[in-house]
Amino acid sequence: QVQLVESGGGAVQPGGSLRPPCAASGIRVSICTMGWYRQAPEKQRELVAVHTSGGIATYLDSVKGRFTISRDNAKNTVALQMNNVKPEDTGVYYCKCKVLGVTSDYWGQGTQVTVSS
């Protein structure tokens, strides 16, 4: 059974940092294209960052230069380093594993990030 578990969310002041990890079990993240998504209240879920199994990272324009996605294949985790956070970064953050040739994606349950002073 595949499980993705996010943690490390919480409340942080503007300008602060968080580094929520996503831990996988039942699947090796090394075969996944891993993504971090977020959903703010009353808004659609949006893609924040993607990291391919080949090591290519892409980002939502509004987080470029502030967020970094990285994976640790040995620990079977993917993390999202969030620096200089802003109130508009508030939302539930989800990680997703997509495997080439597999129809269904694997999602975590999400972790809440709240940025406010």
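In what follows, the structure referred to is the one given above.
The present account deals with the structure reproduced in this document. (Residues numbered from 1 in each chain as written. Predicted model: local features only at pLDDT ≥ 70, side-chain atom pairs only at ≥ 80, totals over all residues. Heavy atoms only, no water.)

To continue, consider the sheet that holds strand β7 (residues 67-72). Spatial ordering of the open sheet is given by β1-β3-β8-β7, a layout of 4 strands whose pairing is antiparallel. Where the open sheet ends on each side, the last strands, each with one partner, are β1 (3-6) and β7. Taking each pair of neighbouring strands and ignoring which way they run, the sheet shows an average axis angle of 15 degrees. Where strand β3 (residues 21-25) and strand β8 (residues 77-82) come together, 3 bridges link them in antiparallel fashion. Along β8, the bridge assignment pairs Ala23 with Thr77. (Pairing = 2+ DSSP bridges. Helix = DSSP H or I, 4+ residues; strand = E, 2+ residues; numbered from the N terminus. Axes fitted to C-alpha atoms, helices over the stretch in contact; angles between N-to-C directions.)

Per the stated rule, a full pass over the model turns up 2 disulfides. The residue that forms a disulfide with Cys22 is Cys95, at a sulfur-sulfur distance of 2.0 Å. Since a negative S-S torsion denotes a left-handed disulfide, the Cys22-Cys95 link at about 55 degrees is right-handed. Of this pair, Cys22 sits in strand β3 while Cys95 sits in strand β9 (residues 91-98), and the two are 73 residues apart along the sequence. For Cys95, a relative accessible area of 1% translates into the label buried. Through a disulfide, Cys32 is tied to Cys97; the S-S separation comes to 2.1 Å. In this structure, the disulfide formed by Cys32 and Cys97 twists by about -70 degrees around the S-S bond and is classed as left-handed. Here Cys32 is found in the loop between β3 and β4 (33-39), whereas its partner Cys97 is found in strand β9, with 65 residues between them in sequence. Residues Cys32 and Cys97 agree in their burial class; the two are buried. (Disulfide = S-S within 2.5 Å. Buried < 20%, exposed > 50% of the residue type's maximum accessible area, 1.4 Å probe, protein only.)

Read these as spatial facts, not as claims about activity.
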